[in-house]
Amino acid sequence: MTENAIITARGLRKSFGPTEALRGVDLDVRRGEVLAVMGPSGSGKSTLLHCLAGVVVPDEGTVRVAGRDVTALDEAARSRLRLAEFGFVFQFGQLLPELTAADNVALPLLLAGTPRGRARTAAHAALARLDLAGAERRYPTELSGGQAQRVAIARALVTRPKVLFADEPTGSLDSLAAEHVLTAMLDLVREDGTTVVLITHDPRTAAHADREVIVRDGRIGASSGMVA
Amino acid sequence: MDNGKTLLGLLSQGPSHGYDLKHTFDRFFGGEKPLAFGQVYAVLARMLRDGLIAYVGEEATGEAPDRKKYMVTPIGREMLLGWMFTAEPPSPASRSDLMAKTVIALLVDEDAQRLLDVQRSAHLARMRDLTKARRDAALLDVLAYDHALFHIEADLRWIDLAAARLDALRQEIAQR
């Protein structure tokens, strides 16, 4: 195991019916690093992210996060772990359309039992950190694509997660908006020391990471970047 | 990059001498590799010979060793506009090398996937360096970094497509 690894995956295998999505993946993610996971469509990179984040349980192999074996937890315990220690950002922000920006951001805190007033204050602060002060009362349909993604990032970071899992977080944006959203996200996580697993097929996005791994045919291929 | 045409363009802003032109060039395009004075004077002499620029007199500036001032002629201006509005062919040098390596690797039954992986890693590492340097750069430099980044990205797309086609390529090469 790499010293200072916050996530350690060993021998991960996962099939969906006859399709082998992961065919023996070993991966260490270091504490505080931004790791880009690249690879062609269907290579298994999203399945890998789901296994690392405890969304999916692998058929074989283990995932340890901060020393804890995630693969040994039941669904309820994995759900609590995801809520408390992980943040998620997807290609399409997946904001709830009937909630304002602030209420979307406050949601994970409310689900975790934080009192409403404190959750709201934290949500406003998280939005301000992403340059969205003044947009608290807007609904998702009243936001630009880039703004909506920044709200989604605020929601993912409001719980101060240990690990942020981002699956093509700028995939739906044009180059300039993507640049702004990505820079805003990475400035914050680097400031907080949050570890990031960033799935992208876009080399310019991956170039913002400290290191990248390539997933091909369910295995980890080439890798380059920062050495611990 | 065509340094001659670029200098002609800089001189189109108004009469100037070699010393100033060199510094203006470096300010906009020098990056890590400033232009040599010798190159500037050689280009000026050639453009003067070809009638693209004309000598307009001398100026005492104190710091400039060569104080001959030049201006762009109408022929020079026409040449500049012709260059400016003619599309550049994409640079084929690095790609054709990689293509040759890939084909040869397939011909001699070497690991073509590996050589593409090696090249991909090197390209991504270079992109990471450029992205880091770009982070706090002025907008003019950001523009130059973006240009470099998009070109490397184009090569990476080619590498990914070539990697995805290796099996089919191997079969086609075997049949030739």
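Residues numbered from 1 in each chain as written. Chains lettered and ligands numbered in written order. Predicted model: local features only at pLDDT ≥ 70, side-chain atom pairs only at ≥ 80, totals over all residues.

Moving on: the overall build of chain A. Tallying secondary structure elements over chain A gives seven helices and ten strands in all. Principal-axis analysis of the C-alpha atoms places the extent of chain A at approximately 45 × 40 × 35 Å. Within chain A, buried positions represent 43% of all 228 residues. Expressed as a percentage of contacts within chain A between residues at least 6 apart in sequence, the contacts between residues at least 24 apart total 69%. (Helix = DSSP H or I, 4+ residues; strand = E, 2+ residues; numbered from the N terminus. Buried ≥ 20, exposed ≤ 12 C-beta atoms within 10 Å, placed from the backbone. Contact = placed C-beta atoms within 7 Å.)

Next up on the list: unusual backbone geometry. All names here are of chain A. Look at Ala66: it is not a glycine, yet its phi comes out positive at around 50°. Mapped onto the fold, Ala66 is located in the loop between strand E4 (60-65) and strand E5 (68-69). One non-glycine residue, Glu168, lies in the positive phi region at around 50°. Tracing the chain through its elements places Glu168 in the loop between strand E7 (163-167) and helix H6 (175-192). Overall, Glu168 belongs to the partly exposed group, with 18 C-beta atoms counted inside 10 Å.

Residues and elements named next belong to chain A. With respect to topology, four strands assemble into an open sheet ordered E2-E1-E4-E5, the strand pairing being antiparallel. Because the sheet does not close on itself, it has two edges, and the strands there are strand E2 (19-30) and E5. As paired strands, E4 and E5 are joined by two bridges and run antiparallel to one another. Note that in E5 the partner of Val65 across the bridge is Arg68. (Pairing = 2+ DSSP bridges.)

This paragraph deals with the nonpolar core. Residues and elements named next belong to chain A. One finds Leu35, Val37, Val105, Ala154, Val197 and Leu198 to be the most contacted residues of the largest nonpolar core, which totals 70 residues. No other element matches the seven residues that helix H5 (residues 145-157) contributes to this core. Apart from residues lying up to four places away in sequence, Val197 is in contact with Val29, Leu35, Val37, Leu49, Leu52, Val163 and Phe165. (Core = buried A, V, L, I, M, F, W, Y, C linked by C-beta atoms within 7 Å.)

Residues and elements named next belong to chain A. In this fold, Ala84 is placed in helix H2 (residues 75-85). Once the C-alpha coordinates of Ala84 and Ala112 are considered, the two residues, 28 residues apart in sequence, prove to be 7.4 Å apart. Once residues within four sequence positions are removed from consideration, Ala84 is found in contact with Ala112 and Thr159.

This paragraph deals with the interface of chain B and chain A. Contacts between the two partners involve 13 residues from chain B, matched on the other side by eleven residues from chain A. Of all elements in the fold, only helix H6 (112-135) and helix H7 (139-164) of chain B reach the threshold of two or more residues within the side of chain B that touches chain A.

Residues and elements named next belong to chain B. Following both chains from N to C, one finds helix H1 (residues 3-11) and helix H2 (residues 18-30) inclined at 110°, their axes separated by 10 Å at the closest point. What the angle tells us is that H1 and H2 run roughly perpendicular. Contacts between H1 and H2 involve Thr6, Leu7, Leu10 and Leu11 from the first element and Leu21, Thr24, Phe25 and Phe29 from the second. Its residues placed into classes, the contact of H1 with H2 shows six nonpolar, two polar and no charged. (Axes fitted to C-alpha atoms, helices over the stretch in contact; angles between N-to-C directions. Parallel < 35°, antiparallel > 145°, perpendicular 65-115°, else oblique. Nonpolar A, V, L, I, M, F, W, Y, C, P; charged D, E, K, R; others polar.)

Attention shifts here to the confidence of the model for chain A. Across chain A, the average pLDDT comes to 92, with 96% of residues at 70 or higher. At the level of individual helices and strands, chain A shows its lowest average pLDDT in strand E10 (residues 219-225) of chain A, which scores 74, and its highest in strand E8 (residues 195-199) of chain A, which scores 97. (pLDDT = per-residue confidence, 0-100.)

A few words on the confidence of the model for chain B. Per-residue pLDDT for chain B averages 86, and the proportion of residues at 70 or more is 89%. This prediction of the complex comes with two scores: 0.79 for pTM and 0.80 for ipTM.

On to the environment of Ala154(A), then. Residue and element names in this part refer to chain A. With respect to the element layout, Ala154 can be found in helix H5. A sequence separation of 72 residues divides Ala154 from Arg82, and the C-alpha atoms of the two residues are 16 Å apart. With sequence-adjacent residues up to four places away left out, Ala154 is seen in contact with Val105, Ala126, Leu127, Leu130 and Leu132.

Residue and element names in this part refer to chain B. The antiparallel open sheet is built from three strands, whose spatial order is E1-E3-E2. A strand with exactly one partner marks an edge of an open sheet, and here the two such strands are strand E1 (16-17) and strand E2 (53-58). The sheet contact formed by E2 and strand E3 (residues 68-72) spans five bridges and is antiparallel. Pairing of Ala54 across the sheet is with Met71, part of E3.

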